[in-house]
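Below, each chain spelled out in residue letters.
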Amino acid sequence: MTIMFNKISEAFSRQSEFFDDYEGTNEILKWMRSVTHEHLLRHLRTDDKILEINSGTGIDAIYLANKGYKIHCTDISDGMLNKIRQKIYEHKLENLISYQLLSFLDLDKLEGNYFPNIFFN
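Small disclaimer: the values here were computed from a predicted structure and weren't measured.

Asker: Please clarify how the sheet that holds strand E3 (residues 97-101) should be interpreted in this entry.
Answerer: Across a sheet, strands are paired by hydrogen bonds formed along the backbone, either parallel or antiparallel in direction. The 4 strands are arranged E3-E2-E1-E4 in an open sheet whose pairing can be described as parallel. If you trace the sheet from one side to the other, it starts and ends with E3 and strand E4 (117-119), each paired once. Across this sheet, the average inter-strand angle for adjacent strands is 20 degrees, counted without regard to direction. The pairing of strand E1 (residues 49-52) with E4 spans 3 bridges and is classified as parallel. If you follow Ile50 over to E4, its bridge partner there is Asn117. Those strands touched by helix H5 (residues 78-91) are strand E2 (70-75) and E3, and its axis lies near 165 degrees from that of E3.

Structure below.
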């Protein structure tokens, strides 16, 4: 199983260099993400804490943190988490976003406590 996880992590790490550019120029993906964000905002309460599974480069986490929510991001890819780390620093969101290298199959190793909301896009 470890070999498979390493290959998955490596593949997504390679994609992390191009992911945001592709997302930012694809009108359908931008529209889909906006619908998802509108839906989330209708259901979240102001002080809610969110667990984001497979958070990729942190596009949704940055959006939600800018709205004041606390998010704990998980992903299996070092490359994706490096992008999240850069964005947290650039946007000065250290107090709202945390991250952890973690597969969705290993949620029993999750750092933190209770998450009233789980998000997986």
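On we go.
Asker: Explain a nonpolar patch on the surface here, please?
Answerer: On the surface, a cluster of nonpolar side chains totalling about 430 Å² of accessible area is made up of Ile28, Trp31, Met32 and Val35. Inspection of the secondary structure assignment puts Val35 in helix H3 (residues 27-43).

Asker: Sorry if this is basic, but what is going on with the pairing of E2 here?
Answerer: Consecutive side chains of a regular strand alternate in pointing toward one face of the sheet and then the other. Of all 6 residues that make up E2, 5 are buried, and the element is covered over most of its length. Sheet topology note: the E1/E2 ladder contains 4 bridges and is parallel. Residue Leu51 lies in a different strand from E2, and its bridge partner there is His72. Read as a crossover between parallel neighbours, the route from E1 over helix H4 (residues 59-66) to E2 is right-handed. Note that E2 and E3 share 5 bridges and pair parallel. Among the inter-strand pairings, His72 is bridged to a residue of E3, identified as Ser98. Chirality of the crossover, the property in question, places the unit of E2, H5 and E3 among those that are right-handed.

So, how was this worked out
- Residues numbered from 1 in each chain as written.
- Predicted model: local features only at pLDDT ≥ 70, side-chain atom pairs only at ≥ 80, totals over all residues.
- Heavy atoms only, no water.
- Pairing = 2+ DSSP bridges.
- Helix = DSSP H or I, 4+ residues; strand = E, 2+ residues; numbered from the N terminus.
- Axes fitted to C-alpha atoms, helices over the stretch in contact; angles between N-to-C directions.
- Contact = heavy atoms within 4.5 Å.
- Patch = residues over 30% accessible without salt bridge, like charges linked within 9 Å, V, L, I, M, F, W, Y side chains within 5 Å.
- Areas by Shrake-Rupley, 256 points an atom, 1.4 Å probe, with all protein chains shown as cover.
- Salt bridge = Lys/Arg side-chain N within 4 Å of Asp/Glu carboxyl O.
- Buried < 20%, exposed > 50% of the residue type's maximum accessible area, 1.4 Å probe, protein only.
- Right-handed = clockwise from strand over helix to strand, strands pointing away.

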